[in-house]
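Remarks on the overall topology
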Amino acid sequence: VLGETLYRDCGGRRDELVEQAFLRLTCRPPDEAERRILGRMYDEQLKWFREHPENAAAHVGIGDTPRDATLPAPEIAAAATVVNALMNHDGFVVKR
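The following refers to the structure shown. (Residues numbered from 1 in each chain as written. Predicted model: local features only at pLDDT ≥ 70, side-chain atom pairs only at ≥ 80, totals over all residues. Heavy atoms only, no water.)

1. A few points about the packing of helix α2 (residues 14-26) against helix α3 (residues 32-51)
Between α2 and α3, the least distance of the axes is 10 Å, while the angle of their chain directions is 120°. Taken together, the axis directions place α2 and α3 in an arrangement best described as oblique. Considering how the two elements wind past one another, α2 and α3 form a crossing that is right-handed. Residues Arg-14, Leu-17, Val-18, Glu-19 and Phe-22 of α2 pack against Glu-34, Arg-35, Leu-38, Gly-39, Arg-40, Tyr-42 and Asp-43 of α3. Its residues assigned to classes, the contact of α2 with α3 shows five nonpolar, one polar and six charged. (Axes fitted to C-alpha atoms, helices over the stretch in contact; angles between N-to-C directions. Helix = DSSP H or I, 4+ residues; strand = E, 2+ residues; numbered from the N terminus. Parallel < 35°, antiparallel > 145°, perpendicular 65-115°, else oblique. Left-handed = near helix turned anticlockwise from the far one by under 90°. Contact = heavy atoms within 4.5 Å. Nonpolar A, V, L, I, M, F, W, Y, C, P; charged D, E, K, R; others polar.)

Below you can see the structure in the form of structure tokens.
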């Protein structure tokens, strides 16, 4: 869902999506190295999901919330992968 929200809010612009994902999940803007790494990750994932559309559809179909079918599955899957990576970043803290 966050991948869809980011994609929609950022108008599909990769750099803005990466920036906003990092800011929302770590409460700080990414530095230049982090932007570059996450931008490259998004690009690599997007390429892979475009080459494997069935995997993109399956990836974005996970979860209880129905997916927004008006948004392109490869782009949303790539955004979701970046979000997932950020949730494993040291700067992301979950309180229970």
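2. What to know about the nonpolar core
One finds Tyr-7, Leu-17, Leu-38, Tyr-42 and Leu-86 to be the most contacted residues of the largest nonpolar core, which totals 23 residues. Breaking this core down by element, the ones donating at least two residues are α1 (2-9), α2, α3, α4 (53-60) and α5 (73-86). Here Tyr-42 is in contact with Tyr-7, Arg-14, Leu-17, Glu-75, Ala-78, Ala-79 and Val-82, once residues within four sequence places are set aside. (Core = buried A, V, L, I, M, F, W, Y, C linked by side-chain atoms within 4.5 Å. Buried < 20%, exposed > 50% of the residue type's maximum accessible area, 1.4 Å probe, protein only.)

3. So, the packing of aromatic side chains
Across all of its chains, the model carries one aromatic pair by this definition. Residues Trp-48 and Phe-49 carry aromatic rings whose centres are separated by 5.3 Å and whose planes lie at 80° to one another, so their mutual orientation is edge-to-face. Given a relative accessible area of 5%, Phe-49 falls into the buried group. (Phe/Tyr/Trp six-rings, centres within 6.5 Å; stacked < 30°, edge-to-face > 60°.)

4. Things to note about the layout of surface pockets
Once rolled over the atoms, a probe with the size of a water molecule shows which space is left empty. Empty space within the largest pocket amounts to approximately 270 Å³. Lining the largest pocket are 15 residues, with Val-1, His-59, Val-60, Ile-62 and Ala-80 positioned closest to its centre. Elements with a minimum of two residues in the lining of the largest pocket: α1, α4 and α5. A breakdown of the residues in the lining of the largest pocket according to their chemical character gives eight nonpolar, four polar and three charged. (1 Å grid on protein atoms, 1.4 Å probe; cavity = no way out; pocket = protein on both sides within 12 Å on 5 of 7 lines; lining within 4 Å. Points joined across faces, edges and corners; volume = space filled by probe spheres on them.)

5. Things to note about the side chain of Glu-75
The residue Glu-75 is located in helix α5 in this model. A relative accessible area of 12% places Glu-75 in the buried class. Reaching out from Glu-75, the side chain makes a polar contact with the side chain of Arg-50 at a distance of 2.5 Å. In contact with Glu-75, other than residues within four places in its own chain, are Tyr-7, Tyr-42, Leu-46 and Arg-50. (Polar contact = N/O pair within 3.5 Å; in protein donor to acceptor, adjacent residues only side chain to side chain.)

6. So, the pattern of salt bridges
Within the structure shown, the criterion is met by 12 salt bridges. In this structure, the salt-bridge partner of Arg-13 is Glu-16, at a minimum N-O distance of 2.9 Å. When the shortest N-O distance is used, the salt bridge between Arg-14 and Asp-43 registers 2.6 Å. Of this pair, Arg-14 sits in helix α2 while Asp-43 is found in helix α3, placing the two residues 29 residues apart along the sequence. Among the charged side chains, a network of salt bridges with common partners joins Glu-4, Arg-8 and Asp-68. (Salt bridge = Lys/Arg side-chain N within 4 Å of Asp/Glu carboxyl O.)

Geometry only, nothing functional implied.
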